[in-house]
Structure formats: C-alpha cells, structure tokens
Amino acid sequence: MVDHAHPRRWPAYAMAVLFLGYALGKAVFAVQSRLGFPGGPPVSAAEAEGYFLDPAVAQWTAAATGVLGASLALATVTSLGRWAPRGVMLLALAGMLLAVGGGALIMILDGFVGLGVGWQWHHGVLGIVVIGLLVETIRSYETATRRRVAG
C-alpha cells in the first residue's frame, strides 16, 4: 500500500532527469538550427521556414526552459527550494503542469488517436508518465510543506 501522507523525492528527481534530457535534445537541435526533437516527428522545411522564430533561437529558448524546469523540480525536494514562499512555488508548479501537461496531452492524443503531428504510441505512453510524475512531484511538495494543524 502506498502512503500518500508522506512526501516522496524520487518523482522530482525523475522529472529533473527528464527535463535535462529535454534540454539536451533541444540544444542538439539548436546547434543544428533545426526544429523538432530527437526521436520525435520530423518538422518539414516548409514548417520550419514559416515558424515565427529562427529555429536555433527557438531551440535554445526551449533548452533553457528545460533547465529551468529541472531546477524547479529539484527545488521541491531541496532545502534551498524550501526557502521560496510556498504560494509562489505552487503557482510556478501549476504553471509548469499547464505547459508540460499541454505538450504531453498532445503527445498522448496524437500517439493513441492521431492528430497528424506524428507522435507514436510510445510517445503517448511517455506523455502519461510525465504527467503522472509531475502531478506526484507537486503533491509531494504540497504534502512536505503543509502546515500541521494541532487537533
């Protein structure tokens, strides 16, 4: 049986690894000035040309968000992260859930239903795992920082 009353650190560490992998993949494509992600669906030259940013700039920006996401995930389980106001951290985590969850939802829907983007079923499974890990990271942080009410 799983005890949900106690925080767990491993989901945050797993999210940090996933975010750093994301950042690394984006950095690889930034160096190549390509849109997309290694192992993901290919982005046509026409799509890349019509993109509102230069591909290298877009990919370096995405790589930076991956590092930021990893840092935020690690902040939920470190003493340095516990210095941040709880409300600010929960708001940042909610924003991360919306952004990452939206991307993961696209991977899930395209992987299992087919939206035409090109994500496969295994990408859909990864999307489910990512959402689950992120929700557990947030739940664990909330549990660890909840004030105990004397009763």
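Residues numbered from 1 in each chain as written. Predicted model: local features only at pLDDT ≥ 70, side-chain atom pairs only at ≥ 80, totals over all residues. Heavy atoms only, no water.

(A) Representation of the packing of helix α1 (residues 10-31) against helix α3 (residues 55-75) within the structure. Interaxial distance between α1 and α3 falls to 8 Å at its minimum, and their mutual angle equals 165°. In terms of axis orientation, α1 runs roughly antiparallel to α3. Relative to α3, the crossing made by α1 is left-handed. A per-class count over the contact of α1 with α3 returns 20 nonpolar, 4 polar and 1 charged. (Axes fitted to C-alpha atoms, helices over the stretch in contact; angles between N-to-C directions. Helix = DSSP H or I, 4+ residues; strand = E, 2+ residues; numbered from the N terminus. Parallel < 35°, antiparallel > 145°, perpendicular 65-115°, else oblique. Left-handed = near helix turned anticlockwise from the far one by under 90°. Nonpolar A, V, L, I, M, F, W, Y, C, P; charged D, E, K, R; others polar.)

(B) How the structure looks around the packing of α3 against helix α5 (residues 86-112). Where α3 contacts α5, the two axes come as close as 11 Å, and the packing angle between them is 135°. The pairing of α3 with α5 is recorded here as oblique in orientation. Handedness of the α3/α5 crossing: left-handed. Only Met89, Ala92, Leu93 and Met96 of α5 make contact with α3, whose side of the interface consists of Gly69, Leu72 and Ala75. (Contact = heavy atoms within 4.5 Å.)

(C) Representation of the pattern of salt bridges in the model. Within the structure shown, the criterion is met by 4 salt bridges. The closest approach of N and O atoms between Glu136 and Arg139, which form a salt bridge, is 2.6 Å. Of this pair, Glu136 and Arg139 are both found in helix α6 (residues 121-145), 3 residues apart, which corresponds to roughly one turn of the helix. One salt bridge connects Arg146 with Glu142, and the closest N-O pair in it is separated by 2.6 Å. Note on Arg146: relative accessible area 38%, which makes it partly exposed. Look at Glu142 and you get partly exposed, because its relative accessible area is 23%. Several salt bridges converge on common partners, so that one network encompasses Arg8, Glu136 and Arg139. (Salt bridge = Lys/Arg side-chain N within 4 Å of Asp/Glu carboxyl O. Buried < 20%, exposed > 50% of the residue type's maximum accessible area, 1.4 Å probe, protein only.)

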